[in-house]
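Okay, here's what each chain looks like letter by letter:
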Amino acid sequence: MADDEELIRTGFRLILTSRGIEVVGEAADGVQAVAEAERLRPEVVLMDIRMPDLDGLEAAKRVLRLLPHCRVIMLTTFDLDRYVYAALAAGASGFLLKDVTAAHLAAAVRLVNTGDALLAPSITRRLVERYATAQEAGRAGPGHRPATAAAAARTAAVHPGLAPLTPRELEVLALMGRGLSNTELAEALTLSEATVKTHVARIFAKLALRDRAQAVVLAYETGLVTPGRTTAD
């Protein structure tokens, strides 16, 4: 658990230990967080975004490079979309405000430890889309018009980062990027939910993704999904 406020660390430790979750270590800044994570090799790290010496986003990146199977939940006082996007892009599996309830905090740690994402895909998609739209407008200027989803799919199909995927897997990833659950994917593609789960697992394995949150970010960053468009475009 990494936070520069001792009171926050103490409170969270009491909450988690009272619910049967062992807190193996603490850190007061980003540099210490990376060092302690490497030494203790925790399953889950609670990482404050704003810390001295090294901010939590950069610390999270370093921890995940050292410990690829570790899960990171980012903590912040500020409910800002750009932090959500940055945290997910850094490889975090979840994002929590510091005023989270005790029950939600414990549930979040258990959830990401199972390999799932803390944010629902639809929420993640909405936040990523909003941020991606702003970035695209800033880069291209007021006269720019985003590409259609069909054009984006053609571009993404040859994107080096997506080269390992089959056409069906590209289709599944595109729909995941739009926030569809496995049940919704099965209905949209006329497949069984078990088959969809197999496709999703293969996508994660081929692209070294930890969870659906990272899949959503990747779908936007590679152009497979474009902001403001629907899958029917």
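Refer to the preceding data block for the structure.
Residues numbered from 1 in each chain as written. Predicted model: local features only at pLDDT ≥ 70, side-chain atom pairs only at ≥ 80, totals over all residues. Heavy atoms only, no water.

## Concerning the pattern of salt bridges
Okay, so step 1: Under the counting rule described, the total for this entry stands at 10 salt bridges.
Okay, so step 2: Among the ionic pairs, Glu26 bridges to Arg13, the shortest N-O distance being 2.5 Å. Highlighted residues: Glu26 in the loop between helix H1 (6-18) and helix H2 (30-40) and Arg13 in helix H1, separated in sequence by 13 residues.
Okay, so step 3: Looking at Glu26, the relative accessible area reads 22%, which means it is partly exposed.
Okay, so step 4: Of the residues examined, Arg13 reaches a relative accessible area of 28% and is grouped as partly exposed.
Okay, so step 5: Note that Glu58 and Arg62 form a salt bridge whose closest N and O atoms lie 3.2 Å from each other. Here Glu58 and its partner Arg62 are both found in helix H3 (residues 56-66), four residues apart, which amounts to about one turn of the helix.
Okay, so step 6: Residues participating in the shared-partner salt-bridge network are Asp3, Glu5, Asp48 and Lys98. (Salt bridge = Lys/Arg side-chain N within 4 Å of Asp/Glu carboxyl O. Helix = DSSP H or I, 4+ residues; strand = E, 2+ residues; numbered from the N terminus. Buried < 20%, exposed > 50% of the residue type's maximum accessible area, 1.4 Å probe, protein only.)

## Things to note about unusual backbone geometry
Okay, so step 1: Positive phi values are uncommon outside glycine, yet Asp53 reaches one of about 70°.
Okay, so step 2: The backbone of Ala208 shows a phi angle near 55°, a positive value even though the residue is not glycine.
Okay, so step 3: For Ala208, the position within the fold is in the loop between helix H10 (193-207) and helix H11 (212-221).
Okay, so step 4: Overall, the relative accessible area of 65% leaves Ala208 in the exposed class.

## Regarding the nonpolar core
One broad rule of soluble globular proteins: the nonpolar side chains tend to lie buried together.
Okay, so step 1: In terms of nonpolar packing, the biggest core is built from 28 residues, with Met47, Val63, Val72, Met74 and Phe95 touching the most fellow members.
Okay, so step 2: At the level of secondary structure, the elements contributing two or more residues to this core comprise H2, strand E1 (44-48), H3, strand E2 (71-76), helix H4 (81-89) and H11.
Okay, so step 3: In this structure, Met47 is in contact with Ala2, Ala33, Gly56, Ala59, Ala60, Val63, Val72, Ile73, Met74 and Leu75, ignoring residues within four places of it in sequence.
Okay, so step 4: Counting 25 residues, the second-largest nonpolar core is a separate cluster that includes Val200, Leu207, Leu209 and Ala219. (Core = buried A, V, L, I, M, F, W, Y, C linked by side-chain atoms within 4.5 Å. Contact = heavy atoms within 4.5 Å.)

## Things to note about the sheet that holds E1
Okay, so step 1: Pairing within the open sheet is parallel, and its three strands lie in the order E1-E2-E3. The open sheet is flanked by E1 and strand E3 (94-97), the only strands paired with a single partner. On average, adjacent strands in this sheet sit at an angle of 25° to one another, irrespective of strand direction. (Pairing = 2+ DSSP bridges. Axes fitted to C-alpha atoms, helices over the stretch in contact; angles between N-to-C directions.)

## What about H10?
Spacing of three or four residues puts side chains on the same side of an α-helix, whose turn is 3.6 residues.
Okay, so step 1: Taking 1.5 Å of rise per residue, the 15 residues of H10 would be expected to cover 21 Å, and the 21 Å separating its terminal C-alpha atoms lies within 8% of that figure.
Okay, so step 2: Residues of H10 that are buried: Val196, His199, Val200, Ile203, Phe204 and Leu207. Considered in projection along H10, the buried side chains sweep an arc of 135° and stay on one side of the axis. Counted as exposed and oriented over 90 degrees from the buried face of H10: Ala194 and Ala205.
Okay, so step 3: Two residues or fewer after H10 comes Ala208, characterised by a positive phi angle close to 55°. (Expected span 1.5 Å × (residues − 1). Arc of directions from axis to C-beta.)

## Notes on the packing of H1 against helix H5 (residues 102-113)
Okay, so step 1: Packing of H1 against H5 leaves a shortest axis separation of 10 Å and a crossing angle of 70°. Considering their axes alone, H1 and H5 lie roughly perpendicular with respect to each other. On the side of H1, the interface is formed by Phe12, Ile15 and Leu16, while H5 contributes Ala102, Leu105, Ala106 and Val109.
Okay, so step 2: Of the residues that constitute the contact of H1 with H5, the class distribution is seven nonpolar, no polar and no charged. (Parallel < 35°, antiparallel > 145°, perpendicular 65-115°, else oblique. Nonpolar A, V, L, I, M, F, W, Y, C, P; charged D, E, K, R; others polar.)

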